[in-house]
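Summary of the model geometry
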Amino acid sequence: MELKNAVAVVTGANRGLGRHLAAQLVERGAKVYAAARRPETVDVPGTVPLRLDVTDEASIREAARIASDATLLINNAGISTGATLIEGDTDEVRREMETNFYGPLAATRAFAPVIDGNGGGAVLNVLSALSWFHPAALGSYAASKAAAWALSDATRDELAPRGIAVSALHVGYMDTDMAAGVPADQKVAAADVAAQALYGIEKGLPEILADETSRYVKQSLSAAPQPSAG
């Protein structure tokens, strides 16, 4: 997909990876709707702030009505609560699934007809190495990202006949607020991840593995599961 003159909607564009994606898209000549629950917090020069709450379907439908010229949707908004699946707060587990799975699903359903009507384009889902690796301490987050990986694969097949490519971005730790407690040498720069993501969209890659962690975990999928200690 050619990004120059593309019309992109980036969710969660007010900070972190989303902010870098929005800024780099502007640099490449795209029109960018920088979407956030509070659009007044968007400060990316050259973008069009857009109210969009991925947990509010009415908000998503209204954003799709406003951004009626969109050709690219980037489902970037997400949360990590740290909830475990057995002892964690069930409300937090539900909130993570609502944001990280149902949010991208609702946005894709709303924007697919828009992108189709504008001659086709692409969807990028921002996932994680935890789509494939599921530690107990991050069970809720990992489950939501695994579900979003399945969403990416299924919608890729469903939307291909409509000229809409679907890519999934996988990364381990990024230098963003979500990974603030992780040592710096274990994190990859969000700007570098954004650049790799946009390259992947341009090349139509179904999966974009943005760091060594995601590449290692993907390669390990065929290994036999190890028994738990205890």
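The following refers to the structure shown.

Rules and cut-offs
- Residues numbered from 1 in each chain as written.
- Predicted model: local features only at pLDDT ≥ 70, side-chain atom pairs only at ≥ 80, totals over all residues.
- Heavy atoms only, no water.
- Salt bridge = Lys/Arg side-chain N within 4 Å of Asp/Glu carboxyl O.
- Helix = DSSP H or I, 4+ residues; strand = E, 2+ residues; numbered from the N terminus.
- Buried < 20%, exposed > 50% of the residue type's maximum accessible area, 1.4 Å probe, protein only.
- Phe/Tyr/Trp six-rings, centres within 6.5 Å; stacked < 30°, edge-to-face > 60°.
- Arc of directions from axis to C-beta.
- Contact = heavy atoms within 4.5 Å.
- Polar contact = N/O pair within 3.5 Å; in protein donor to acceptor, adjacent residues only side chain to side chain.
- Axes fitted to C-alpha atoms, helices over the stretch in contact; angles between N-to-C directions.
- Parallel < 35°, antiparallel > 145°, perpendicular 65-115°, else oblique.
- Left-handed = near helix turned anticlockwise from the far one by under 90°.
- Nonpolar A, V, L, I, M, F, W, Y, C, P; charged D, E, K, R; others polar.
- Pairing = 2+ DSSP bridges.

**Examining the pattern of salt bridges**
- Throughout the structure, instances matching the rule amount to 11 salt bridges.
- Here R28 and E202 are joined by a salt bridge, their closest N and O atoms 3.1 Å apart. In this pair, R28 sits in the loop between α1 (16-27) and β2 (31-36) while E202 sits in helix α5 (residues 190-203), placing the two residues 174 residues apart along the sequence.
- Looking at R28, the relative accessible area reads 30%, which means it is partly exposed.

**So, the packing of aromatic side chains**
- What the rule picks out here adds up to 2 aromatic pairs.
- Geometrically, the ring pair formed by F101 and Y102 is edge-to-face, given 4.9 Å between the ring centres and 75 degrees between the ring planes.
- Relative accessible area serves as the criterion here: at 44%, Y102 is assigned to the partly exposed category.
- A ring pair is formed by W132 and W149, whose centres lie 5.6 Å apart and whose planes are at 85 degrees; its orientation type is edge-to-face. With W132 in the loop between β5 (121-126) and α4 (139-159) and W149 in helix α4, this residue pair connects regions lying 17 residues apart in the sequence.
- Taking relative accessible area as the criterion, W132 reaches 8% and is therefore assigned buried.

**Remarks on helix α2 (residues 57-66)**
- Restricting attention to buried positions, one finds in α2 the residues S59, I60, A63 and A64. Projected onto a plane normal to the axis of α2, the buried residues spread over an arc of 135 degrees and lie on a single side. Structural note: α2 exposes R61 and R65 on the side pointing more than 90 degrees away from its buried face.
- Close packing links the buried residues of α2 with β3 (48-51) and α3 (90-117).
- At the N-terminal boundary of α2, the capping side chain belongs to D56, with an oxygen 3.1 Å from the backbone nitrogen of A58.

**Quick notes on the packing of α3 against α4**
- Remark: α3 packs on α4, axes separated minimally by 8 Å, with the N-to-C direction vectors making an angle of 15 degrees. For the element pair α3 / α4, the angle class is roughly parallel. The handedness of the crossing between α3 and α4 is right-handed. Across the interface between the two elements, E92, V93, E96, M97, N100, F101, P104, L105, T108 and A112 from α3 touch S140, Y141, A143, S144, K145, A147, A148, L151 and L159 from α4.
- Tallied by class, the residues present in the contact of α3 with α4 amount to 12 nonpolar, 4 polar and 3 charged.

**Considering the sheet that holds β5**
- Across the sheet, 7 strands lie side by side as β3-β2-β1-β4-β5-β6-β7; this open sheet has parallel pairing. In this open sheet, the two strands that pair with only one neighbour each are β3 and β7 (207-209). Strand-to-strand twist in this sheet, taken as the mean axis angle between neighbours without regard to direction, amounts to 20 degrees.
- α4 rests against β5, β6 (164-170) and β7 of the sheet, and its axis sits at about 160 degrees to β6.
- In this fold α5 packs onto β4 (72-75), β5, β6 and β7, with an angle of close to 155 degrees to the strand it touches most, β7.

**Considerations on the side chain of N100**
- Tracing the chain through its elements places N100 in helix α3.
- Setting aside residues no more than four positions away along its own chain, N100 makes contact with A77, G78, I79, Y141, S144, K145 and A148.

**Overview of the environment of T55**
- Considering the arrangement of structural elements, one finds T55 in the loop between β3 and α2.
- Excluding its chain neighbours within four sequence positions, the residues that come into contact with T55 are E98 and T99.

**Quick look at the environment of K31**
- With respect to the helices and strands, the residue K31 is situated in strand β2.
- On the basis of relative accessible area, K31 is assigned to the partly exposed category, the value being 34%.
- Each C-alpha atom of the pair K31 and L52 lies 17 Å from the other, and the pair is 21 residues apart in sequence.
- Excluding anything up to four places from it in sequence, K31 contacts A6, V7, A8, V48 and D69.

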